[in-house]
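Next come the chains, spelled out residue by residue.
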Amino acid sequence: AQSVTQLDSQVPVFEEAPVELRCNYSSSVSVYLFWYVQYPNQGLQLLLKYLSGSTLVKGINGFEAEFNKSQTSFHLRKPSVHISDTAEYFCAVSDYNQGGKLIFGQGTELSVKP
Amino acid sequence: DVKVTQSSRYLVKRTGEKVFLECVQDMDHENMFWYRQDPGLGLRLIYFSYDVKMKEKGDIPEGYSVSREKKERFSLILESASTNQTSMYLCASRPPGLAGSADTQYFGPGTRLTVL
């Protein structure tokens, strides 16, 4: 069965510094990859998704992610973070062969300090 | 604007009570989902529904049931609440179709349930 691992449970970073949140998934023939963000006391909203084509995907709020099939990774990056980026970030995989269910990683808490 | 609403943001119940969590979406989506979110475990799928009166078990259905009588409404039921069901519950909906697995899921704000 498909699984997703987010390698860091917490990532503290200073404002305007770059950040990378790591995500690995177990191998599958065809998957779709997502990053969702959850701001405090809110539900999840989509940051970006990879379906096919270019391996570099750009999302909202200046985030981007790179799909690496050989390393089964989908790491999220931002070159310069803001205080408002403080949130929990979830990587998810949708496996077409599993009826399109989303499998989520454990989440990474990004804490941006002034 | 897309909207998924959940009946309560916070709920406190006692062990053994029957608990109903309601979710309504206004996007005419066929697919709806219930997840629970726990620290360090991410989101885990409890039940989902592809259409009215249809339901499928997710990864952790034990202790839960669901009801989908109308397209826009998906209810999660805890028949006899227990303390280990204290959690954040999130509802989501998604468009239908062959590309459904590639489509975005839209989430409600969540219900934080405490069972005493």
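Parameters and conventions
- Residues numbered from 1 in each chain as written.
- Chains lettered and ligands numbered in written order.
- Predicted model: local features only at pLDDT ≥ 70, side-chain atom pairs only at ≥ 80, totals over all residues.
- Heavy atoms only, no water.
- Helix = DSSP H or I, 4+ residues; strand = E, 2+ residues; numbered from the N terminus.
- Rg over C-alpha atoms; globule rule 2.2 N^0.38 Å.
- Buried < 20%, exposed > 50% of the residue type's maximum accessible area, 1.4 Å probe, protein only.
- Core = buried A, V, L, I, M, F, W, Y, C linked by side-chain atoms within 4.5 Å.
- Contact = heavy atoms within 4.5 Å.
- Buried area = accessible area lost by both parts, 1.4 Å probe.
- Salt bridge = Lys/Arg side-chain N within 4 Å of Asp/Glu carboxyl O.
- Polar contact = N/O pair within 3.5 Å; in protein donor to acceptor, adjacent residues only side chain to side chain.
- Pairing = 2+ DSSP bridges.

Caption draft 1: Local environment of the overall build of chain A. For chain A, the count of helices and strands is zero helices and 12 strands. Moving toward the C terminus, one meets the helices and strands of chain A in the order β-β-β-β-β-β-β-β-β-β-β-β. Here the C-alpha radius of gyration of chain A, 14 Å, is about what a compact globule of 114 residues would show, namely 13 Å. When the backbone C-alpha atoms are referred to their principal axes, chain A occupies close to 45 × 30 × 20 Å. For chain A, the residues scored as buried account for 48% of the 114 residues in total.

Caption draft 2: Structural context of the nonpolar core. Within the largest apolar cluster, 29 residues are counted, with the highest numbers of intra-cluster contacts made by A:Leu33, A:Trp35, A:Leu47, A:Leu48, A:Phe74, A:Leu76 and A:Tyr89. With residues up to four places along the chain from it excluded, the contact list for A:Phe74 reads A:Cys23, A:Leu33, A:Phe34, A:Trp35, A:Leu48, A:Tyr50, A:Ala65, A:Glu66 and A:Phe67. Core analysis: the next-biggest nonpolar cluster, separate from the first, contains 21 residues, B:Leu11, B:Val19, B:Ala81 and B:Leu113 among them.

Caption draft 3: Geometry of the interface of chain B and chain A. With 23 residues of chain B at the interface, the matching set in chain A holds 22 residues. In total, about 1,700 Å² of surface goes out of reach between chain B and chain A, with carbon and sulfur atoms giving 51% of it. At the boundary of chain B and chain A, one finds zero salt bridges. At the junction of chain B with chain A, the criterion picks out four residue pairs in polar contact (both at pLDDT 80 or more). Elements represented by at least two residues in the side of chain B that touches chain A include exactly β4 (31-38), β5 (42-49) and β9 (87-94) of chain B. Broken down by element, the residue count for the side of chain B that touches chain A peaks at four residues, all from β5(B).

Caption draft 4: Structural context of the pairing of strand β10 (residues 87-95) of chain A. Residue and element names in this part refer to chain A. Most of β10 is tucked away: nine of the nine residues are buried. In β10, alternate side chains face the same way, and those of Ala87, Tyr89, Cys91, Val93 and Asp95 on one face and Glu88, Phe90, Ala92 and Ser94 on the other are all buried. By the bridge criterion, eight bridges tie strand β5 (residues 31-38) to β10 in an arrangement that is antiparallel. Bridged to Phe34 within β10 is Ala92. Strand direction decides the pairing type here: β10 and strand β12 (residues 108-113), joined by three bridges, are antiparallel. Looking across to β12, one finds that Glu88 is bridged to Glu109. Direction of pairing for β10 relative to strand β11 (residues 102-104): antiparallel, over a ladder of three bridges. Note that in β11 the partner of Val93 across the bridge is Ile103.

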